[in-house]
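Structure at a glance
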Amino acid sequence: MALHSGLKELLWKTLMELGEDDFKAFKFFTDLPQRVLETPSPVDIAYELVKKHGKNALEKTIKILEKINHNNLAKMLRSNTLEITGAVFSVHDDDQIDRLKEGLQGNLQSLYSYVPEGNTERWQQQPLADSYTELEVTYGADVSPDERHEVLQMETCATAAKVSILPCDIFKSPDKKPRPIRTILTVGFAGIGKTFLVQKFVCDWASGNTNQDIHFIFPFTFRELNTDEGKSFTLAQLIRRYVCESRHMSEETLNNIFADLQMSGKRDYESSRIKILFVLDGLDECNFKMDLKNEMKVDLDVTEAYPLEVLLAHLIKRNLLPCARVWITTRPATARDIPSDLIDSRTEVRGFSDSQRLEYFRKRFPNEERVTKHIQKSRTIFIMCHMPIFCWLTATVLQDHLDKGKDGELPTTLTDMYSEYALKHLENSKERQKTEYVSDVKALAKLAFHHTMKKRQIFYEKDLADSGFDYSRAAKHCGIFTQVFKEVRPLRRNQQGKMFQFIHLTIQEYMAALHVVMSLFHDNKNVLADSELPPEGVFQEEEEKSEEVEETEEETEKSEETEEEETEDEGDWKITEVQRSALQKASESEGNLDLFLRFLCGLSLPCNQELVGELLKGPQNCKPSKSKTVRLIKERIKRNPPEKNVNLFYCLNELKDDSLLKQFKKKKRSIRLSCQPKTNDMWSALAFFLLTDDETMESFNLREYAPSPLGLEKLLVVVKASQKSVLFGCRLDKRSCHLLASVLSSPSNLKHLDLRYNKLSDEGVEIISKGLASPHCILQDLKLNYCIITNKGCVFLAEALKLSTSHLQELDLSSNNLLDEGVEILSKGLASPHCILQVLKLEHCGITKRGCVFLAEALKLNPSHLQGLHLGRNGLSDEGVEILLKGLANPHCILQYLALSDCRLDKGSCRLLASVLSSPSKMRHLDLSHNELSDEGVEILSKGLASPHCILQDLKLERCGIMKRGCVFLGEALKLNPSHLQELDLSSNVLCDQGVEILSKELASANCILKVLKLDNCGITNKGCVFLAEPLKLNPSHLQELGLSSNNLSDEGFEILTKGLASPHCILQFLGLFNCNLEKGSCHLLASVLSSSSKLRHLDLRHNNLWDEGVEILSKGLASPQCILKELWLNTCRITDKGCIFLAEALKLNPSHLQELDLWGNQIGEKGKRVLLDIHKDPSYQLKTLYI
């Protein structure tokens, strides 16, 4: 009855708002009896509506109001309805749930629709839809312990593009297969865009655009929850306190929903009728301790109050609402505090990709290309621009440079950039008293220092008071106080107490370093040692004594430093002592002081001290130079292992000292020639040089620098940071295997590892397999050819393949004595449903038909991953292939590449393979080289090729005993099924000119799409060139590679061939003419082709008698601006210094294309080498590879 009274009151008050005509229209749509409609009273109409419709009278009224275009009144009534009907809420009433959802969406949309950039006021913020730039978000995230500073981690992280996922797809599984996902963890460095991602997700949901299966989203931030540490709440109370947008949902309504879900016993989000998402943003900012280790399941009352930390822990541990989803965001260091079994999926926010960063600056500076080039030039600044906020900070500084027309270079180091940023906002504070703003900056810097040491980023009013900082007074003035430090405006209106933070952690670290230098200059105090500095003379005497003992620099370095030391004064020792303390503290920290140390080094420079003016104005007699600080750092570099020195080299960068790198670069040439470094500082310099080289980070080849166990040990940090490491033939030993296992077991970028030609043995494989078994291992490709592995080693590898955490997709064990026993063991790993291996290479492993039995069985049990199987140079015979193909007959088998070269096959195998090709097989690549198939076998195989089911793209038949008769069958197959085969290798078969004639007829067909044709060593003469020239003219739009090496073409034959090459439609890119009896006459023809609009990019002329005269003619073609040749191979062509001079002149005239030049095996002296090496070293030329 009380409910009906409330309904009637609400209805008649609403109807009173209608005008006379609107009230008449309203009554018309009520369907009430005529006698009732005659009454003029809204009270009576309300009474009758409730009498007829009960609690549904409100919904009936809302629909009528919308029908007569009183939408605002309808909306207000709907909102009031939720308050009235809350007491009788039913979780089984879908209409009520939808109304609650609509109310929450509307409220959240207004809150999340605007975003700040930097520290902008609400009225300055842009709509999210207009300003959102896609972030790079990827599946998977390594949360293993990593003591390095986040900036250092970014500087050595992989740069290869990953597949980015959209915010709305964050809860989809990586493999796109349906599987239950309850809790997702999103990690990312500070300021990388985690909260931005959450905001985008919530806004898209609230706008009705995405994830509409979710009924309710309740977003929390730990920085706000910190204010209620120790207090107790029910889940409903917590939501109403911190998600004010849910106020239209009464506490009782929420309790009804939660109790129903808790009692349902459902633990799967998808099966839950009401779908809820809790967002817990910023776990790294949480100040209270949650016990997530205790796995015991507890039967909880969801309507009961618990301490905040207990309540949230139960939510994460699935004790509360196990069918609701939980999304946690955090920085990597805190992510590992959550047990892995509580997380169903991990994603990583990687900020802006390389292209997005450049696009950001191109948009900000559309007419200033030098800005974009400058950003790319500084690796640290470019890497930091992963973070959207750093892009904004950098753009602010650079825009100020351009607006004010400042002279000099743009900022090149982090300290330069942050000092310029501070300067810009200090200049805006000039209307204030100088002493007042210096005092405020000192207090702010003190706050930053103490909380950097405590690893805290969120501050409260008490923290500010303890540092002597009055934010309310300072914030009245524009400038540094509102641009580097801000009050964290609560998303919720009822938050108790104020919170503050620097706009980014790196700003806090800069200000912390500023505090150290200000304390030294203003108070003569070393805050890092928490003491006043001793009298100057005492320390100076000790410093002089230590210098006498420790002076071990190179002679050239000594002379440079001596000049600088002459300018040093008695204030130098103070900054040196502070730097010594900082170096010690940073070395003892967990990496959190690395960037602070860099800033401190940068602020030691007079140029940066002058930049921030009064703040770092030291005593009159204090004009410190950098030489002693540089010496301190170099001494540490000599003592530390290379992996501990990366940040110290960045410190030298901040000090603008490159003497150690210059010293290294002088020796780099000898290092490249495998004369490895002798001293630890040179090893460290080499490691740093490689870590800052993008090409090395993509692929690192140890053989180029130090092919030895010592080289691996010293450059292990490079192996860890690179995506691909080639350790081919580096004499690695047991200790090397332990080092590699440690890399695989820890956070690294390593995905491809080449260990071929190392005597690892089974023992070494056992050690490495322990690394493969680590859940942190992300290795995808492992090459172990010629590593003396037996069947015992296969045991360890098979175990690694069975693990659900394995990422291994390609394994090469060729040329090891595995035998059938090893294949049997390995096949057990292949058969595991967890094995995701895509390519397995077992060439020359002593496998027989017995081994095929095990492989076929594995293909039957786990057919959905293996795509490539290489079994060449094993004695399989036709019988073994027959067994193997039974595994391929599985309809789920997706094998695409099968290599059976030199397996003792004959026409029997051709019959079996033809059957496979004629069925709906996935086979696209087939290698049957070095088997005696003969024309008869090719005839049988061609029947499979001719089948409409055959989708083979690549067929290798090198040295298979094929003659011209075999060409007839292949030509017929190409005619009947021309739409798939793209690559055909018939090298080392006696085809002669007659066979080429037959093939050329089909090549000339417009239906033929063959791209690669290899006819090396096929007995072709100039007559055969006549036939080959025709398809190049008649069907020029497909063939891209033609191999004719080791055929007696002569200049006459090549002249005929060039008629086809001269066609304007010819797209041939690779031409192989190795050992074709060519002379200078062919060079005239080639020069003409290269000077035309030819597409030729790769040309092989090895072992032809070209002489210098021929090279002179060829060089005219190379010099043409039309020439786009990238690779030219001229091995053993009787070239001397004279020919080198012609080539050098050609490259000078057309420097923009040729990347590889091979002149090995020619009579070239020092003069010829010198002219080409000069071009090779000159960065203005593209010549990257030179063999001479």
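The following paragraphs examine the structure supplied in this document. Being a predicted model, the structure only gives us computed values, none of them experimental.

Moving on, we come to the nonpolar core. F218, F258, F278, L842, L898, L1015 and L1130 are the most contacted members of the largest nonpolar core, which has 330 residues in total. It is helix α25 (residues 505–523) that contributes the most residues to this core, eleven residues altogether. Once you skip the residues sitting within four places of it in the chain, L1015 turns out to touch L986, S987, L991, V996, L999, I1020, L1028, G1043, L1044, S1045 and N1047.

With the rule as written, the count across this model stands at 29 salt bridges. Note that D228 and K231 form a salt bridge whose closest N and O atoms lie 3.0 Å from each other. Note that E270 is salt-bridged to R325, the shortest N-O span being 3.5 Å. In this pair, E270 is assigned in the loop between α13 (251–264) and β7 (276–281) and R325 in strand β9 (residues 325–330), connecting sequence segments 55 residues apart. The exposure class assigned to R325 is buried, which follows from its relative accessible area of 9%. By sharing partners, the salt bridges in this structure join D228, K231 and R241 into a single network.

In a regular helix each residue adds 1.5 Å, so twelve residues correspond to 16 Å; helix α45 (residues 934–945) covers 16 Å between its end C-alpha atoms and thus fits that length. Within α45, burial applies to D935, G937, V938, I940, L941, S942, G944 and L945. Considering only its buried residues, α45 is in contact with α44 (907–918), β25 (954–956) and α46 (964–976).

This part takes up the environment of L593. Here L593 lies in the loop between α28 (572–588) and α29 (594–602). For L593, a relative accessible area of 5% puts it in the buried group. With 141 residues separating them in the primary sequence, L593 and T452 have C-alpha atoms 7.9 Å apart. The residues touching L593, leaving out its near neighbours within four places in the chain, are T452, M453, K585 and A586.

Quick look at the sheet that holds β9 now. Taken in spatial order, the six strands line up as β3-β10-β4-β9-β7-β5 in an open sheet, and their pairing is mixed. Here the strands that pair on one side only, and so sit at the sheet edges, are β3 (137–139) and β5 (216–221). Looking at each pair of strands side by side, their axes are set apart by 20 degrees on average, direction ignored. Where α13 meets the sheet, its contacts fall on β5 and β7, and the angle it forms with β7 comes to roughly 105 degrees.

This brings us to the side chain of N226. Here N226 is to be found in the loop between α11 (222–225) and β6 (232–233). One polar contact links the side chain of N226 to the main-chain amide nitrogen of N287, over a distance of 2.9 Å. Sequence-distant contacts of N226, defined by excluding residues within four places in its chain, comprise E285, C286, N287, F288 and Y460.

With four of five residues buried, strand β10 (residues 345–349) is to be regarded as a mostly interior element. Taken together, the three bridges between β3 and β10 define a ladder with antiparallel strand orientation. Note that in β10 the partner of Y139 across the bridge is T347. Relative to β10, strand β4 (residues 183–187) runs parallel, the two sharing four bridges. By the bridge assignment for β10, L185 is matched with R346.

Turning our attention to the state of the cysteines. Here, the word disulfide means a covalent bond between the sulfur atoms of two cysteines. Per the stated rule, a full pass over the model turns up zero disulfides. For C1018, which is in no disulfide, the shortest distance to another cysteine sulfur is to C967 and amounts to 8.1 Å. We note that C1083 lacks a disulfide partner, and the nearest cysteine sulfur, in C1133, lies 8.3 Å from it. Exposure remark for C1083: the relative accessible area of 1% places this residue in the buried category.

Another point: the packing of aromatic side chains. Under the defined criterion, the tally for this structure stands at 23 aromatic pairs. When the centroid spacing of 6.0 Å and the interplanar angle of 70 degrees are considered together, the rings of W392 and Y421 count as edge-to-face. In this pair, W392 is assigned in helix α19 (residues 388–404) and Y421 in helix α20 (residues 414–426), connecting sequence segments 29 residues apart. Judged by relative accessible area, W392 falls into the buried class, the value being 11%. For the ring pair Y510 and F599, a centre distance of 5.4 Å and an interplane angle of 90 degrees mean the geometry is edge-to-face. Of this pair, Y510 sits in helix α25 while F599 sits in helix α29, and the two are 89 residues apart along the sequence. Summarising the burial analysis for this pair, Y510 and F599 share the class buried.

The packing of two helices is summarised by the inter-axis angle and the distance between the axes. Between helix α47 (residues 992–1003) and helix α48 (residues 1022–1034), the shortest axis-to-axis distance is 8 Å and the interhelical angle comes to 5 degrees. Classified by the interaxial angle, the pair formed by α47 and α48 is roughly parallel. Seen from α47, the contacting residues are D993, V996, E997, S1000 and L1003; seen from α48, they are K1023, G1024, F1027, L1028 and P1031. Counted by class, the contact of α47 with α48 contains five nonpolar, two polar and three charged residues.

Right, let's talk about the environment of Q356 for a bit. Looking at the secondary structure, you find Q356 in helix α16 (residues 354–364). Judged by relative accessible area, which is 22%, Q356 ranks as partly exposed. As a C-alpha pair, Q356 and L135 span 221 residues in sequence and 8.5 Å in three-dimensional space. Setting aside residues no more than four positions away along its own chain, Q356 makes contact with E134, E136 and G351.

Each value, and the rule that gives it
Residues numbered from 1 in each chain as written. Predicted model: local features only at pLDDT ≥ 70, side-chain atom pairs only at ≥ 80, totals over all residues. Heavy atoms only, no water. Core = buried A, V, L, I, M, F, W, Y, C linked by side-chain atoms within 4.5 Å. Buried < 20%, exposed > 50% of the residue type's maximum accessible area, 1.4 Å probe, protein only. Helix = DSSP H or I, 4+ residues; strand = E, 2+ residues; numbered from the N terminus. Contact = heavy atoms within 4.5 Å. Salt bridge = Lys/Arg side-chain N within 4 Å of Asp/Glu carboxyl O. Expected span 1.5 Å × (residues − 1). Pairing = 2+ DSSP bridges. Axes fitted to C-alpha atoms, helices over the stretch in contact; angles between N-to-C directions. Polar contact = N/O pair within 3.5 Å; in protein donor to acceptor, adjacent residues only side chain to side chain. Disulfide = S-S within 2.5 Å. Phe/Tyr/Trp six-rings, centres within 6.5 Å; stacked < 30°, edge-to-face > 60°. Parallel < 35°, antiparallel > 145°, perpendicular 65-115°, else oblique. Nonpolar A, V, L, I, M, F, W, Y, C, P; charged D, E, K, R; others polar.

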